[in-house]
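Listed here are the chains, written in short residue letters.
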Amino acid sequence: AGIGGPPLALIYRERSGPEVRSTMGAIFFGGLLMSLTGFAITGEIQSDDLEAAGSLFPATLLGFWISGSLRHKVEGDRLEQWIVGVSALAALALLGSSLFG
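In this report, the structure presented in the accompanying data block is examined. What you see is a predicted model, and the numbers here were worked out from it, not measured in a lab. (Residues numbered from 1 in each chain as written. Predicted model: local features only at pLDDT ≥ 70, side-chain atom pairs only at ≥ 80, totals over all residues. Heavy atoms only, no water.)

### Observations concerning the overall build of the protein chain
Secondary structure summary: the protein chain contains 4 helices and 0 strands in total. Reading the protein chain from its N terminus to its C terminus gives the helix and strand order α-α-α-α. Principal-axis analysis of the C-alpha atoms places the extent of the protein chain at approximately 45 × 35 × 20 Å. Here the protein chain, with 101 residues, has 11% of them falling under the buried criterion. Partitioning the intrachain contacts of the protein chain with sequence separation of at least 6 by distance along the chain shows that 72% fall at a separation of at least 24. In the form shown here, the protein chain has an accessible surface area of approximately 7700 Å², with 68% of it arising from carbon and sulfur atoms. Each charge class in the protein chain was averaged separately, 6 positive and 9 negative side chains, and the resulting centres sit 14 Å apart. (Helix = DSSP H or I, 4+ residues; strand = E, 2+ residues; numbered from the N terminus. Buried < 20%, exposed > 50% of the residue type's maximum accessible area, 1.4 Å probe, protein only. Contact = heavy atoms within 4.5 Å. Areas by Shrake-Rupley, 256 points an atom, 1.4 Å probe, with all protein chains shown as cover. Lys, Arg positive; Asp, Glu negative; His and termini not counted. Charge placed at Lys NZ, Arg CZ, Asp CG, Glu CD.)

Okay, structure coming up:
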């Protein structure tokens, strides 16, 4: 389960970096809670899922640590360019997946 990040980011592309990051973070966190709750209620969370999550946790922490020092470098027009560029790549990946399976 997931929430479409590129469409949401495109909506906020002209906003400030802090507003984009906080809004997207809140939306993703809410979606995560709803997904995990649904998976837990239906019994879809297995031990191998928890192992995979645990193995990815250090990378998550590293990403948060690195993002703190980089966030001031991606502001204003540069942030908007990144949002549009990543959204375009996501659209191309979706199109490729739809066409070539």
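This is not the end of the story, as more comes after the structure.
### Quick look at helix α3 (residues 47-70)
Between its terminal C-alpha atoms α3 stretches 35 Å, which fits the 34 Å expected from 24 residues at 1.5 Å a residue. At Phe-57, α3 shows its largest kink, close to 35°, and the proline Pro-58 lies no more than four residues downstream. (Expected span 1.5 Å × (residues − 1). Bend = angle between axes of the 7 residues up to and from the residue.)

### Remarks on the nonpolar core
Among the nonpolar cores identified, the biggest contains 6 residues, and these are Leu-8, Ala-9, Val-20, Met-24, Leu-79 and Ile-83. Mapped onto this core, the elements with two or more residues apiece are α1 (5-11), α2 (17-41) and α4 (76-100). Setting aside residues up to four positions removed in sequence, Ala-9 forms contacts with Met-24 and Ile-83. (Core = buried A, V, L, I, M, F, W, Y, C linked by side-chain atoms within 4.5 Å.)

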